[in-house]
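Residue-level listing of the chains:
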Amino acid sequence: KICWAIRPPSPPSAPPLPPPPSPPPTPPQLPPLPPLSPGYVAAATETELRNLIEEATSTAAEQADSLPQESRQVRAHRSSASRPVAHVLRRRLKTDVTCEIVLRQKMNPPGGAALPPEPACVPVGRRGPVYEFSPSLPKAFVASMGGVRQLGGKIVTFVGGNASAEKSVPTVFIPASATVVADGPARGVQRLSAAATGTKKVLVARMRSTTHGQEPTPTINDLKERVFGMGISPVAVNFKSQSAACSENELIIEPGACVSGNTAPGCAEISDGVMNLDLDMDLSPGVDYGAVEYAAVVKLNALGLGDAATADYVMFLFPPGISPWIAYAYINGWSSFYSDTWGGSVSAHMHEVGHNFGLAHSGEFGQEYGDQSSYMGYSYLSIGWPAMCYHGGQHRSLGWYSTHTTEIAASDFVSGQNELVDLFAFTDVQALSAGDPVIIKLDVANAGYALYLQYNKAEDHNSGVVESANLITVVQDALNTPAYQQSWKVASLGEGDDYNDNLRVKVCSLDVVGSVDVVRLSISLDYIGDPCPPPSLSPPPAPPSPPPASPPPSPPPSPPAPPAP
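Residues numbered from 1 in each chain as written. Predicted model: local features only at pLDDT ≥ 70, side-chain atom pairs only at ≥ 80, totals over all residues. Heavy atoms only, no water.

If you trace the six strands from one edge of the open sheet to the other, you get S13-S19-S18-S17-S16-S14, paired in mixed fashion. Each end of this open sheet is capped by a strand with a single partner; those strands are strand S13 (362-363) and strand S14 (405-409). With seven bridges joining them, strand S17 (residues 449-455) and strand S18 (residues 472-478) adopt antiparallel strand pairing. Across the sheet, Ala450 pairs through a bridge with Asp477, a residue of S18. (Pairing = 2+ DSSP bridges. Helix = DSSP H or I, 4+ residues; strand = E, 2+ residues; numbered from the N terminus.)

Here the focus is the side chain of Ser374. Here Ser374 shows up in the loop between S13 and helix H10 (392-397). From its side chain, Ser374 meets the backbone nitrogen of Met376 in a polar contact 3.0 Å long. Here Gln394 takes part through its side chain, which lies 2.7 Å from a polar atom of the side chain of Ser374. Residue contacts for Ser374: discarding those within four places in its chain leaves Ser362, Met388, Cys389, Tyr390, His391 and Gln394. (Polar contact = N/O pair within 3.5 Å; in protein donor to acceptor, adjacent residues only side chain to side chain. Contact = heavy atoms within 4.5 Å.)

A few words now on the pairing of strand S12 (residues 335-339). Among the five residues in S12, five count as buried, and that is most of the element. Count of turn residues in the strand S11 (residues 327-331)/S12 antiparallel hairpin: three residues, of which Asn332 carries a positive phi of about 60 degrees. (Buried < 20%, exposed > 50% of the residue type's maximum accessible area, 1.4 Å probe, protein only.)

For the coordinates displayed, the defined rule picks out three disulfides. For Cys246, the disulfide goes to Cys389, at an S-S distance of 2.0 Å. Disulfide Cys246 to Cys389: torsion about the S-S bond roughly -80 degrees, handedness left-handed. A residue pair is termed long-range when its members are at least 10 positions apart, and Cys246 in helix H7 (residues 239-246) and Cys389 in the loop between S13 and H10 qualify at 143 residues. Since its relative accessible area comes to 0%, Cys389 is described here as buried. One disulfide in the model links Cys508 with Cys532; its S-S distance is 2.0 Å. Measuring the twist about the S-S bond at about -80 degrees, one finds the Cys508-Cys532 disulfide to be left-handed. Here Cys532 lies in the segment after strand S22 (516-524) and Cys508 lies in strand S21 (residues 503-513), a separation of 24 residues in the sequence. (Disulfide = S-S within 2.5 Å.)

For the rest of this paragraph, the subject is the packing of aromatic side chains. Both the distance between ring centres and the angle between the ring planes are used here to describe each pair of aromatic rings. Tallied over the full model, the rule gives 18 aromatic pairs. Summarising the aromatic geometry, the rings of Phe318 and Tyr328 are spaced 6.4 Å apart at their centres and angled 35 degrees between planes, so their arrangement reads as tilted. Pair noted here: Phe318 is in strand S10 (residues 313-318) and Tyr328 is in strand S11, with a separation of 10 residues, a long-range link. For the residue pair Phe318 and Tyr328, the accessibility class agrees, reading buried in each case. Summarising the aromatic geometry, the rings of Tyr328 and Tyr330 are spaced 6.2 Å apart at their centres and angled 80 degrees between planes, so their arrangement reads as edge-to-face. Residue class for Tyr330 comes out buried when judged on its relative accessible area of 3%. Feature note: the residues Tyr289, Phe316, Phe318, Trp325, Tyr328, Tyr330, Trp334 and Phe337 constitute an aromatic cluster, connected by ring pairs. (Phe/Tyr/Trp six-rings, centres within 6.5 Å; stacked < 30°, edge-to-face > 60°.)

This paragraph deals with the packing of H7 against helix H9 (residues 346-357). In a packed pair of helices, the relevant descriptors are the angle between the two axes and the axis-to-axis distance. Here H7 crosses H9 at 60 degrees, and the two axes come no closer than 9 Å. The angle between the axes of H7 and H9 places the two elements in the oblique class. Handedness of the H7/H9 crossing: right-handed. Contacts from Phe239, Gln242 and Ser243 of H7 reach H9 at Val346, His349, Met350 and Val353. For the contact of H7 with H9, the class distribution of residues is four nonpolar, three polar and no charged. (Axes fitted to C-alpha atoms, helices over the stretch in contact; angles between N-to-C directions. Parallel < 35°, antiparallel > 145°, perpendicular 65-115°, else oblique. Left-handed = near helix turned anticlockwise from the far one by under 90°. Nonpolar A, V, L, I, M, F, W, Y, C, P; charged D, E, K, R; others polar.)

Residues at a pLDDT of 70 or more form 74% of the protein, whose mean pLDDT is 80. Confidence drops under a pLDDT of 50 for residues 1-12, and excluding neighbours within four residues, the segment shows zero contacts in the predicted structure. Low pLDDT, under 50, characterises residues 24-94; the stretch is placed with 107 contacts to residues that sit more than four places away or in other chains. (pLDDT = per-residue confidence, 0-100.)

Take the sheet that holds strand S15 (residues 418-424) next. In spatial order, the strands read S15-S22-S21-S20; together these four strands make up an open sheet with antiparallel pairing. Looking along the sheet, the strands with just one partner apiece sit at the ends: S15 and strand S20 (498-501). For this sheet, the mean angle separating the axes of adjacent strands, direction not counted, is 25 degrees. Inspection of the sheet shows S20 paired to S21 by four bridges, in the antiparallel sense. Along S21, the bridge assignment pairs Asp498 with Lys506.

Tallying each qualifying case throughout the model produces 20 salt bridges. For Glu118, the salt bridge goes to Arg104, with nearest N and O atoms at 3.1 Å. One end of the pair, Glu118, is in strand S2 (residues 118-122); the other, Arg104, is in strand S1 (residues 97-107), with 14 residues separating them in the sequence. Accessibility expressed as a relative area gives 27% for Glu118, which makes it partly exposed. Arg206 is the salt-bridge partner of Glu215, the closest N and O atoms lying 3.1 Å from each other. (Salt bridge = Lys/Arg side-chain N within 4 Å of Asp/Glu carboxyl O.)

Our focus in this paragraph is helix H8 (residues 289-302). Here H8 spans 20 Å end to end across 14 residues, near enough to the 20 Å set by a 1.5 Å rise per residue. Of all 14 residues in H8, 10 are buried, a share of seventy percent or more. Regarding H8, the residues found buried are Tyr289, Gly290, Ala291, Val292, Glu293, Tyr294, Ala296, Val297, Val298 and Leu300. Between the side-chain oxygen at the start of H8 and the backbone nitrogen of Gly290 there is a gap of 2.8 Å, and the oxygen is on Asp288. (Expected span 1.5 Å × (residues − 1).)

Let's shift gears to helix H6 (residues 220-228). Think of an α-helix as turning once every 3.6 residues; residues three or four places apart then point the same way. Summarising burial for H6: seven of the nine residues are buried, a large majority. Those residues of H6 that fall on the buried side of the exposure criterion are Asp222, Leu223, Lys224, Glu225, Arg226, Val227 and Phe228. Gly229 lies just past H6 and shows a positive phi near 70 degrees.

Note the cis peptide between Ser134 and Pro135, where omega equals -10 degrees. Locating Pro135 in the fold gives a position in the loop between strand S3 (132-134) and helix H4 (139-144). Note the cis peptide between Trp385 and Pro386, where omega equals 0 degrees. Relative to the helices and strands, Pro386 is located in the loop between S13 and H10. Residue Glu248 is not a glycine yet carries a positive backbone phi of 55 degrees. With respect to the helices and strands, the residue Glu248 is situated in the loop between H7 and strand S8 (251-255). Among the residues examined, Glu248 registers a relative accessible area of 21% and is labelled partly exposed.

This is the structure we're talking about:
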């Protein structure tokens, strides 16, 4: 039996449906915000948001520039409840904060009050802007680390902290409930010689406003002359020349420049190590220096010039009236900042980059900057003056004169006995034999410090030393330098002078032998009386020999004999 299934006729085809309307084009997406890392803050303005994105990606400048203008609008980043962007970002960035602590050392003009170093936060392992702490670091944490001066280079995590700011200067906020965890040793106690020996490139950046026209007083040519001894009328005493002379060519300064093949947009802006760094902001007197510093570092990185291959160290010059201090620098860091004309001062350069190397101040008579025999004392607003160097402890810390340094421990001395040693001028080192000391370090371990002796001969690259010229300086410094610790000049000794505090040092004589000066010193624990030997006396000349006696007169000749008969 066959059954047939009869299919009903197909209904007429319905007209095709019109295609659904195309969805509105998806606006270009901003690069995703990264997890919080050192120094990232919530952005309250379009500029801060762009800076945050630029710092968050390795190709920040290119990505930001490729985005259409509308995608950068703050309104596009409001939540569905139209909450301000700062609140949205704060929610996303609320997490533990990890950063490296740097110490910022500011300097007042001569006669001004000394300023303690200030801790701040920077990204770990890269050159980024500096962020302030608010409130300041917990006192218990600072004390546990041995004080503020021991914090430089510490990697710290604020557990329960957050990085958010609606201020012009980026800020890391530390709630009272946050705990602080430190990881690893501080870089500030490592050897400084790696920073201050070899060839180092220095870039000088004039911060100027593209919107209001403010700029530093020193021109690009002025800075070529005063920093590198180049330009139209080179200045003889400049940062490059003093670095080489004071180190006996252990430190060679070269103008910053892009390496071959670097096509970064900022490379063409550099001329013999100097450039204009254009900022789209008002640089009038009174503008927050921290906001200007932040903008300058972000712009330098955006131009592709923030890497160490371009410059080991960068000097930034403010226009007039912005910095409350004549200069400041980051200890063991890469940057220093100068208030307008102070950017042309050789003593300010040597002082601030000295902080970059890890050197602390050198004082006298209770004044932190009081030692005017060292560039780490006061600085001077002078072009090409003074020609001077650092004290003996600082020279040793920098790794200079290593083959001409003698170390003597106080424990080696026997009570009532002394040792006679010779000390030579560091300016004469090229005429000396290996081992002839220009620096003597005396370890006074029982007192917890060291004394450094240096003959401060005023000649050549030390001819303009402001004080203690042609005297032996005695400086009390850290027992085991380098460390970021204040040093103090405790004596300046001439021939016949004595210093006696835990060790006795007396200058017995100062003589010129050939072409070099030789200082004879007596060093002892407690030698009583005059420890210097009297000058050797030549024996008196022998009396003249008496003239030889005259021979007796010859007898008269005998008369001739009469003739024989």
